[in-house]
Amino acid sequence: MTIHFHPKPVPTIAAFLVVAVTCYLGYWQQGRAASKRALQLDYENRGAQSVLSIPGDGLGDDVQFRRASAHGVWDSSRAIFVDNKFDSVQVGYHFVAPLKVSDRQYLLVNLGWIPRERDYPALPMVRLPKDGVDVSGILVSPAARFLELSGQTVQGAVWQNLTIERYRAATGLDVLPYVLLAAKTDVPLKPVVASPDAGVEKHTEYMLTWYALAVTTVILWVVMNIGKPVSRSGTTSASSVREEA
């Protein structure tokens, strides 16, 4: 017996288009993964670079995840609590305060995580030193994408999310475009740790998904275009004859 393969025009064209599109998308995601892999390596290398001194060293576009140190005085009147921050399964706040590092400029410092009080929404008490302090840690950019279900994003000292632009507008302070995640301070809060993640895994998963769809399409096209087995003499198999009888 031989197997006949008779590709039909319409399914063949459709399969070709699907394979072409999915292969293109897979190749595009492969390129995105490669670029993100390079960015990930760059992030990791920044951690080994020298410590930036604020405000002495300028903060350019390539200081994300750089180690930095700053000296200044806290402005406790403009400190905020960023709500709904989890530590394991416990919910609490990130306590962020502006550090005056020059005559006009401020650096936002995330001093750490603190749990909610039992009488929530009452805020926990955090006391900042009044004298000059030295703070060191990692520079990060606040998340640019987030979901807000309510228009009341700022309620006094409690904020749902923090952005540099929102803080500047609310306080009028000239804050630098990064937040310093303090490694250790005199304030007894749990330090917030951020690991560089450029998103390589996400693009790799997308790439594999698109390539898998292309392979699946080819397999289905082959299976759908295979005819019934016939004998070498050109007659149908005995089982087919019985079925027709």
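Above this text sits the structure in question.
Nothing here was measured: the structure is a model prediction, and the numbers come from that model.

J.: Lay out the side chain of asparagine 225 with the relevant residues and their values.
T.: Following the sequence through the fold, asparagine 225 ends up in the loop between helix H3 (200–224) and helix H4 (238–244). For asparagine 225, a relative accessible area of 4% puts it in the buried group. A polar side-chain atom of asparagine 225 sits 2.6 Å from the main-chain carbonyl oxygen of tryptophan 221. For asparagine 225, the contacting residues outside a window of four places in its chain are His4, Phe5, His6, Pro7 and Lys8.

J.: Help me get a handle on the pairing of strand E3 (residues 80–87), residues and values and all.
T.: Across six bridges, E3 lies against strand E4 (residues 90–100) in antiparallel orientation. Within the sheet, the bridge partner assigned to lysine 85 lies in E4 and is glycine 92. Joining the antiparallel neighbours E3 and E4 is a turn of two residues, in which serine 88 adopts a positive phi near 65°. Direction of pairing for E3 relative to strand E8 (residues 158–159): parallel, over a ladder of two bridges. Considered in E8, the bridge of valine 82 is made with tryptophan 159.

J.: Can you lay out the pairing of E4 for me, pointing to particular residues and giving the numbers?
T.: A large share of E4 lies buried, amounting to eight of its eleven residues. Of the strand pairs in this sheet, strand E2 (residues 67–74) and E4 are connected by two bridges, and their pairing is antiparallel. Bridge pairing in E4 links valine 73 to lysine 100. Pairing of E4 with strand E5 (residues 105–115) involves nine bridges; the strand directions are antiparallel. When the bridges of E5 are listed, alanine 97 appears paired with valine 109. Between E4 and the antiparallel strand that follows it, E5, lie four residues.

Conventions used here
Counting starts from 1 at the beginning of each chain's written sequence and moves along it residue by residue. Only residues with pLDDT of at least 70 are given local features in this predicted model, and only at 80 or more are side-chain atom pairs given and counted; all residues enter the totals for whole chains, interfaces and linings. Neither water nor hydrogens contribute to the side-chain values; these are computed over all heavy atoms in the structure. Secondary structure is summarised from DSSP: a helix means a run of H or I of at least four residues, a strand means a run of E of at least two, and numbering begins at the N terminus for each. Only protein chains enter the calculation, and the probe is 1.4 Å; a residue is then buried if its accessible area is under 20% of its type maximum, exposed if over 50%, and partly exposed in between. We call two N or O atoms a polar contact when they sit within 3.5 Å, provided that within protein one can donate a hydrogen and the other can accept it, with sequence-adjacent residues counted only if both atoms are side-chain atoms. Any two residues whose heavy atoms approach within 4.5 Å are treated as being in contact. In this analysis, strands are considered paired if DSSP registers two or more bridges between them.

Note that every value here comes from positions in space, so none of it alone points to a role or purpose.
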